[in-house]
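An overview of the molecular structure
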Amino acid sequence: MSLDIVTMLRTLPGSSMWRGLKRMLAPNALSMRKYDLFCTTMKDQPQDNEVSIPIQEARISSSSDNNVHSNDSEHSNRDGRTTYNEEEVAKFRTMADSWWDPHGDCKPLHSLNKLRVALVREGLINNQVTTREHISGPRPLTGLKILDVGCGGGILCEPLARLGATVTGLDAAQESTTVARLHADQDSRVKENVVYIHGTIEQHIQEINCKYDAVVASEVLEHVDDTELFICTCADAIRPGGSLFLTTINKTTCSWLGAIAIAEHMLHLLPPGTHDWNKFIPQQELLFLLERNGFVTRTVHGMRYNPLINEWFWHSNISINYAVHAIKECSCM
């Protein structure tokens, strides 16, 4: 396995940094270092697999008979631009049968709900958009409309619906929304509060007549084309004062090692090829895009995954995974 990683390193830009990485990934060192990039701090397990978020101020086997493989023009906005990437969407078509397998390829996503549900819930409560009578109850998001872009099989939509939100799950892979609907039908609390739509964000924004209180795009930015169009279109879907919640992967040396070399090729947490380092989003670039499109960033926080215990933790280091909560102050430019 270490030879495969060294081969991968040869494809990257040559520099003393990469030569140092090759030495670090020598066979004898690899077995000792392979978990160094992950947080191993143990914390108490919270109820409902959720935790409180520390606030830090900022400065998808597909069913081939039913596949609809559209060309990019069918997913475009009125200007012909699109966030749709057929190669990326195809990856998740092949994962459709494993969305709700807690021991399959989506195992880390199920565990990630511990952080991202808390991110959305507490972000909306702190933004004072929830109603007082529901804040301390089991359904604090009652009355709020949330759009989950790139919802996959509904792993995040369902807990948000159980918290009382009216959730729209949007995904470019029809196989994923089909799985999501079937799973939602098994729980009446979810079924009455969630609807799933097949399509892209730029298609959806042309079809809706109202704005959302919040838009969530979790582990999606690194799979879309035209990141700025994606952020701008999300802004169009949010009412003034509403929230945008993002989780994604930073574009750093550590993220290549942690999210690709280790997670995909060593530990096989995800199928190889799930991520393309060139599509990762540098944190400062994302914050700039948010500001440019009328958002004020409220929270930026790092996330770390420990594969040994399948747990995610908030972390001050944002070099691999990070989360952002931003508030819409004005319309998209």
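Remember, it's a predicted structure, so these values are computed and weren't measured experimentally. (Residues numbered from 1 in each chain as written. Predicted model: local features only at pLDDT ≥ 70, side-chain atom pairs only at ≥ 80, totals over all residues. Heavy atoms only, no water.)

1. With respect to the state of the cysteines
Using the criterion set out here, one finds zero disulfides in the structure. Left unpaired, Cys151 is separated from the closest cysteine sulfur, that of Cys157, by 4.7 Å. With a relative accessible area of 6%, Cys151 lands in the buried category. (Disulfide = S-S within 2.5 Å. Buried < 20%, exposed > 50% of the residue type's maximum accessible area, 1.4 Å probe, protein only.)

2. Focus on unusual backbone geometry
Unlike most non-glycine residues, Gln128 shows phi in positive territory, near 60°. Looking at Gln128, the relative accessible area reads 71%, which means it is exposed. The phi dihedral of His268 falls on the positive side, at around 55°, and the residue is not glycine. Following the sequence through the fold, His268 ends up in the loop between helix H12 (253–266) and helix H13 (283–292). Under the relative-accessibility criterion, His268 is labelled partly exposed at 48%. (Helix = DSSP H or I, 4+ residues; strand = E, 2+ residues; numbered from the N terminus.)

3. Overview of the packing of aromatic side chains
Going through the model one piece at a time under the given rule, you end up with two aromatic pairs. With centroids separated by 6.3 Å and ring planes inclined at 10°, the aromatic side chains of Phe92 and Trp99 adopt a geometry described as stacked. Each member of the pair, Phe92 as well as Trp99, carries the same accessibility label: buried. When the ring of Tyr305 is compared with that of Trp312, the centres are 4.9 Å apart and the planes differ by 35°; the resulting orientation is tilted. By relative accessible area, which is 5% here, Tyr305 ends up buried. We classify Trp312 as buried; its relative accessible area is 7%. Looking at Lys251, its charged tip hangs above the ring of Trp277, at a distance of 5.0 Å from the centre. (Phe/Tyr/Trp six-rings, centres within 6.5 Å; stacked < 30°, edge-to-face > 60°. Lys NZ or Arg CZ within 6 Å of the ring centre and 35° of its normal.)

4. Here we look at the pairing of strand E1 (residues 145–149)
Judged by how many residues are buried, E1 sits mostly within the fold: four of five residues are covered. Across five bridges, the pairing between E1 and strand E2 (residues 166–171) is parallel. For Leu147, the partnering residue across the bridge sits in E2 and is Thr168. Following the chain from E1 across helix H7 (residues 157–162) to the adjacent parallel E2, one finds a crossover that is right-handed. (Pairing = 2+ DSSP bridges. Right-handed = clockwise from strand over helix to strand, strands pointing away.)

5. Quick notes on the environment of Leu269
Of note, Leu269 is situated in the loop between H12 and H13. Between the C-alpha atoms of Leu269 and Pro108, which are 161 residues apart in sequence, the distance is 7.6 Å. If near-sequence neighbours (up to four positions away) are discounted, Leu269 is found in contact with Asp105, Pro108, Ala263, Tyr305 and Pro307. (Contact = heavy atoms within 4.5 Å.)

6. Describing the pattern of salt bridges
Following the criterion strictly, the structure yields twelve salt bridges and no others. Measuring nitrogen to oxygen at the nearest pair gives 2.8 Å for the salt bridge that ties Glu311 to Lys114. You can see Glu311 sitting in strand E7 (residues 311–315) and its partner Lys114 sitting in helix H5 (residues 107–126), a full 197 residues away along the chain. Across the pair Asp187 and Arg189 runs a salt bridge whose closest N-O atoms are separated by 3.4 Å. Given a relative accessible area of 15%, Asp187 falls into the buried group. A single network of salt bridges, built from pairs that share partners, joins Glu158, Arg162, Asp187 and Arg189. (Salt bridge = Lys/Arg side-chain N within 4 Å of Asp/Glu carboxyl O.)

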